[in-house]
Structures are given as C-alpha cells and as structure tokens.
Amino acid sequence: MKISVCIPMYNERAICVDTARTLCRAMTDFCARLEYDWEILFCDDGSTDGSPEILQKAVEEEGLPNVRCVGYEQNRGKGAAVRTAVLASKGDVVLYTDCDLAYGTDVIVPAVERIVSGEKFVLGSRNLDRDGYAGYTFLRRIASKTYIKVIAVCAGFRLSDSQCGFKCFDGQTARKIFSLCTIDGFSFDLEVIKIAQKLGIPLGEMPVHIVNHRESKIHVVSDALRMLRDIRRIKKHVREI
C-alpha cells in the first residue's frame, strides 16, 4: 500500500520547507506502524520566488525522504498544479491539501483509512465540524458559507463543502478523474466533483476544521462571477464525457 500526498505550490518559499518537514514526520509515523509506503509530491505552479530550488536544497541537505517536486515554468493556477501532481502520483491512495496545511496532518489518517476500507472519494467539509470555521471572522464565515451554497445551487449538487482544500481518493480513481479535468484555476474542485458524479463514483464527506490560518486569496465578488462562468464550462464539458 502506497500513499501519495499532493501539494500545490506557488511562491511559498516562506513555508514550503517546514511543510515538507511536517509531512515527512507525520507520514513516517503513520506509515511505519502499518508498513505502508508513501511519497510527497509538491507541484510548483510557476513560482517566481525560488520555492522549488529552496525546497530541493532542503530535501538534499536534510535528507527529507520520499519528497519530490514536479511542475512547470509559467503560472497556470491551483487546478493545474493539483492535476499535475495527481497524474504524477504512484499511490494506491492519493490525497491533496494546501501548502500551508490549513487542515493540519491529523486529517490524513482517517481519510486514508476510509479509502483503504473501500471508499473511492472522500471530501473534507468544514460544515460538518462544529469548529470547522473556528478562527474565521464573522463576515468571512458568512461569505464562505454563502459562496459554497450558491455554487451548490448553480452546479446542482448537495455536498456541504465543495471548496474544501482537502480531498482523498483511491489512486486509480484520482488519476481517472484528473485525466479528464480541464480547469486550471480554483474552480477545479467543482469540476473534480462533477466528473466523479458523471462516472458514478460515490462521494463521502468527513468533518475537518481549519488549524493553520492565513489571509484568504479569494476575492468574493470577482471570484464568484468567475466561478459562475466556470460552472457553465464545467457542465458542458461533463456532458461531453
């Protein structure tokens, strides 16, 4: 059994090495007990701050195990970075999370266990955890919940948190879904879900909450309009699959 942890990375020189260290400790501890193999794939999304070079230097000098970096020169978006990492993965279980480890590392074990037990696709949800939005300001919490609800209504699904940055898959399922994905930007999460539904893959949710906070990169109005445009594109693409 092999587990692949995929991390999109764009201009993350301040945190990428610490993220690699933290994940290496967590995966070493978890996988040693179960005799699982593992890998951590950072995908550099055209960083201009030297993130991949800094990460590679730390990997070599500190001997961080099973860490590799893939990527491309021009910035394309989070969706492209996650897709590139997933399609390069070798794991029987594949998961992705953000470079700041917003949901911590404790979420990895229960998600992997659910996949090992037979589930194909498990999505993190902040709306299923009592403390899912702990640390958010009131306005940011309302904006996030409203944003997710609008997406759900427009896209036509009943999941509680399509935009959570933590998702875990059976490896073959992950690579099948992402081989059909086309969205390079942040709307990719929705495309992943819609393709999974089209393929008849059951979707399960698990509660998660924010552990590490940093300023959101989402601009509610402009990104909501972009998402609505992407929903039309996603629906058309999924119909043609």
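Our subject is the structure that appears above.
A brief structural summary. (Residues numbered from 1 in each chain as written. Predicted model: local features only at pLDDT ≥ 70, side-chain atom pairs only at ≥ 80, totals over all residues. Heavy atoms only, no water.)

In this structure, N11 takes a positive phi of about 50° despite not being glycine. Its location among the elements puts N11 in the loop between strand 1 (2-9) and helix 1 (16-34). Accessibility expressed as a relative area gives 28% for N11, which makes it partly exposed. Positioned with a positive phi, N66 is a non-glycine residue whose angle comes to about 60°. With respect to the element layout, N66 can be found in the loop between helix 2 (51-62) and strand 3 (67-72). Judged by relative accessible area, N66 falls into the partly exposed class, the value being 38%. (Helix = DSSP H or I, 4+ residues; strand = E, 2+ residues; numbered from the N terminus. Buried < 20%, exposed > 50% of the residue type's maximum accessible area, 1.4 Å probe, protein only.)

We now examine the packing of helix 1 against helix 2. With their axes 9 Å apart at the nearest point, helix 1 and helix 2 run at an angle of 40° to one another. If you check the angle between helix 1 and helix 2, you find them oblique. Where helix 1 crosses over helix 2, the handedness of that crossing is right-handed. Taken together, the residues of helix 2 that come into contact with helix 1 (itself represented by C16, V17, A20 and R21) are S51, I54, L55, A58 and E62. Here the contact of helix 1 with helix 2 is composed, by residue class, of six nonpolar, one polar and two charged. (Axes fitted to C-alpha atoms, helices over the stretch in contact; angles between N-to-C directions. Parallel < 35°, antiparallel > 145°, perpendicular 65-115°, else oblique. Left-handed = near helix turned anticlockwise from the far one by under 90°. Contact = heavy atoms within 4.5 Å. Nonpolar A, V, L, I, M, F, W, Y, C, P; charged D, E, K, R; others polar.)

What follows deals with the sheet that holds strand 1. The strands that make up a sheet are held in pairs by hydrogen bonds between backbone atoms, and each pair lies either parallel or antiparallel. Taken in spatial order, the seven strands line up as 3-2-1-4-6-5-7 in an open sheet, and their pairing is mixed. Two strands lie at the open edges of the sheet, namely strand 3 and strand 7 (204-207), each paired on one side alone. Across this sheet, the average inter-strand angle for adjacent strands is 20°, counted without regard to direction. The sheet contact formed by strand 2 (residues 37-45) and strand 3 spans six bridges and is parallel. Across the sheet, F42 pairs through a bridge with C69, a residue of strand 3. In this fold helix 7 (residues 188-198) packs onto strand 4 (93-96), strand 5 (121-125) and strand 6 (167-170), with an angle of close to 140° to the strand it touches most, strand 5. (Pairing = 2+ DSSP bridges.)

A separate point is the environment of D37. Along the chain, D37 falls in strand 2. Along the sequence, D37 and M27 sit 10 residues apart, while their C-alpha atoms lie 9.0 Å from each other.

Attention shifts here to the pairing of strand 6. Moving residue by residue along a regular strand, the side chains alternate between the two faces of the sheet. The pairing of strand 4 with strand 6 spans four bridges and is antiparallel. From the neighbouring strand, V94 faces strand 6, where its bridge partner is F169. Of the strand pairs in this sheet, strand 5 and strand 6 are connected by three bridges, and their pairing is antiparallel. Across the sheet, the residue bridging to V122 is C168, located in strand 6.

Most of helix 3 (residues 78-88) is tucked away: eight of the 11 residues are buried. G79, A80, A81, V82, R83, A85, V86 and A88 are the residues of helix 3 that are buried. Buried residues along helix 3 sit in contact with strand 1, strand 2, strand 3, strand 4, helix 6 (171-179) and helix 7.

Another aspect to go through is the side chain of D161. Position of D161 among the secondary structure elements: in the loop between helix 5 (138-155) and strand 6. A distance of 2.7 Å separates the side chain of D161 from the side chain of R126, its partner in a polar contact. Engagement of the side chain of D161 in a polar contact is seen with the backbone nitrogen of C164, the distance being 3.3 Å. (Polar contact = N/O pair within 3.5 Å; in protein donor to acceptor, adjacent residues only side chain to side chain.)

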